[in-house]
Amino acid sequence: MTTMLPKVLEIERHQLADYARVDYAITKGEDDVAALEELCLGPNELRREASVVRDRTVLAVREVRNNMAKRAITAKSMQGPLVESLRQRSRFAVVDTVDASLRARCFASLECVPTLTLICHFIDAIKAGDLARAESVRFEFQTREDRHEYAVTSRAIFAQFTPSEPADILKRIAKICRAAEMADARVVDLFRRCDPIFVFHRVKPADRGPDRSQVFDTSLLGARLAPPRQRAIVSVRSAFAA
């Protein structure tokens, strides 16, 4: 577990940096589309220019986004071993019957220990790396009626010596995965930002021409006709599939 934290920190650093790159590129793409709307362009030209902006932006962030997805997969694969390690550390033995027997003997030995002395036992267990005993001591302390007399001391000790590294690693793994999801959401934002242009400039029935207003010019993405949000998501996934 001690070797896992530096690796997670490195992954997190690269992940957040890449998200910043994706966000910057998408924001610029959104600004470029907004600028197109201010120009006196015809529907077809507006659609074509907006498609250029969209496709250019997607291509610019595709490799970065793929790297983010790979890091998220790597981070998720680390969760299982970490949780299992925490579970094993909190046990007295691997075998359930043995674990239950040792746990019962531990609680029996703690019954005669004064409440204040339990705090010392907790510190000793933590220093020895005996997480199972430390948690048992903490539980025994919480059952004592006079524990409130030592509330200030116990809170300070428990907070200081409670192992925080595993929880910190899990939080960082969640942040890594969330950054990948946010990057996807930003790309979808760009596609949805383009949608109003295409919906607003529809071909009128009187024109008797094919209604292409709801079809993206997706020569690079390969999207098909679909509802606005679904179309955007499908197109985004197609863009990052390569």
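Going by the structure above, here's the rest.
Residues numbered from 1 in each chain as written. Predicted model: local features only at pLDDT ≥ 70, side-chain atom pairs only at ≥ 80, totals over all residues. Heavy atoms only, no water.

Trainee: With reference to specific residues and values, describe the overall build of the chain.
Mentor: Summing up its helical and strand segments, the chain has eight helices and zero strands in all. Listed N to C, the secondary structure of the chain is α-α-α-α-α-α-α-α in terms of helices and strands. In the chain, the proportion of contacts linking residues at least 24 apart, taken out of those at least 6 apart, comes to 76%. Just so you have it, the chain exposes about 14200 Å², and 56% of that area is on carbon and sulfur atoms. (Helix = DSSP H or I, 4+ residues; strand = E, 2+ residues; numbered from the N terminus. Contact = heavy atoms within 4.5 Å. Areas by Shrake-Rupley, 256 points an atom, 1.4 Å probe, with all protein chains shown as cover.)

Trainee: Describe the nonpolar core, with residues and values.
Mentor: By size, the foremost hydrophobic cluster in this structure holds 19 residues, and its most contacted members are Val 22, Met 68 and Val 187. Contributions of two or more residues to this core are made by α1 (4-37), α2 (43-89) and α7 (165-200). Considering each element in turn, this core owes the most residues, seven residues, to α2. Among the nonpolar cores identified, the runner-up in size contains 14 residues, and Cys 106, Val 113, Ala 125 and Phe 158 belong to it. (Core = buried A, V, L, I, M, F, W, Y, C linked by side-chain atoms within 4.5 Å. Buried < 20%, exposed > 50% of the residue type's maximum accessible area, 1.4 Å probe, protein only.)

Trainee: Describe the environment of Phe 141, naming the residues involved and giving the relevant values.
Mentor: The residue Phe 141 is located in helix α5 (residues 131-143) in this model. As for Phe 141 and Thr 117, which are separated by 24 residues in sequence, their C-alpha atoms are 9.6 Å apart. Sequence-distant contacts of Phe 141, defined by excluding residues within four places in its chain, comprise Thr 115, Leu 118, Ile 119, Arg 147, Tyr 150, Ser 154 and Phe 158.

Trainee: Give me the packing of helix α4 (residues 115-127) against α5: which residues, what numbers.
Mentor: Two elements in contact, α4 and α5, have axes separated by 8 Å at closest approach and are oriented at 165 degrees. Judged by the angle between their axes, α4 and α5 are roughly antiparallel. For α4 against α5, the interelement crossing comes out left-handed. Where α4 approaches α5, its residues Thr 115, Leu 118, Ile 119, His 121, Phe 122, Ala 125 and Ile 126 are matched on the opposing element by Arg 133, Ala 134, Val 137, Arg 138, Glu 140 and Phe 141. (Axes fitted to C-alpha atoms, helices over the stretch in contact; angles between N-to-C directions. Parallel < 35°, antiparallel > 145°, perpendicular 65-115°, else oblique. Left-handed = near helix turned anticlockwise from the far one by under 90°.)

Trainee: Just give me the short version of the packing of aromatic side chains, but keep the residues and values in it.
Mentor: Applying the stated criterion across every chain yields a total of three aromatic pairs. Centre to centre, the rings of Phe 107 and Phe 139 are 5.7 Å apart; their planes meet at 70 degrees, and the pair counts as edge-to-face. Of this pair, Phe 107 sits in helix α3 (residues 96-110) while Phe 139 is found in helix α5, placing the two residues 32 residues apart along the sequence. By relative accessible area, which is 22% here, Phe 107 ends up partly exposed. Seen from their ring centres, Phe 122 and Phe 158 are 4.7 Å apart, and the 75 degrees between their planes marks the pair as edge-to-face. Of the two residues, Phe 122 is situated in helix α4 and Phe 158 in helix α6 (residues 151-161); the sequence distance between them amounts to 36 residues. The same class applies to Phe 122 and to Phe 158, which are both buried. Grouped by ring-pair contacts, the aromatic residues Phe 122, Phe 141 and Phe 158 constitute a single cluster. (Phe/Tyr/Trp six-rings, centres within 6.5 Å; stacked < 30°, edge-to-face > 60°.)

Trainee: With reference to specific residues and values, describe α4.
Mentor: Between the first and last C-alpha of α4 there are 19 Å, a value that for 13 residues agrees with the 18 Å anticipated at 1.5 Å per step. Among all positions of α4, only Thr 115, Leu 118, Ile 119, Phe 122, Ile 123, Ala 125 and Ile 126 are buried. Viewed along the axis of α4, the buried residues span an arc of 165 degrees, placing them on a single side of the element. When the buried face of α4 is taken as reference, the exposed residues oriented beyond 90 degrees from it are Asp 124 and Lys 127. Directly after α4, the chain includes Gly 129, whose backbone phi takes a positive value near 75 degrees. (Expected span 1.5 Å × (residues − 1). Arc of directions from axis to C-beta.)

Trainee: An account of the environment of Gln 79 is needed here, citing residue identities and associated values.
Mentor: With respect to the helices and strands, Gln 79 occurs in helix α2. We classify Gln 79 as partly exposed; its relative accessible area is 30%. Sequence separation of Gln 79 and Ile 173 is 94 residues, and the distance between their C-alpha atoms is 7.6 Å. Not counting chain neighbours up to four residues away, the residues in contact with Gln 79 comprise Leu 170 and Ile 173.

Trainee: Could you give me a rundown of the pattern of salt bridges, with the residues and numbers involved?
Mentor: The full count for this structure, using the stated rule, is 18 salt bridges. A salt bridge links Glu 30 to Arg 186; the shortest N-O distance between them is 3.2 Å. With a gap of 156 residues between them, Glu 30 in helix α1 and Arg 186 in helix α7 connect regions that are remote in the sequence. There is no split in this pair, since Glu 30 and Arg 186 are both buried. Ionic pairing is found between Glu 135 and Arg 138, a salt bridge with its closest N-O pair at 3.4 Å. Taken together, the positions of Glu 135 and Arg 138, both in helix α5 and three residues apart, correspond to about one turn of that helix. (Salt bridge = Lys/Arg side-chain N within 4 Å of Asp/Glu carboxyl O.)

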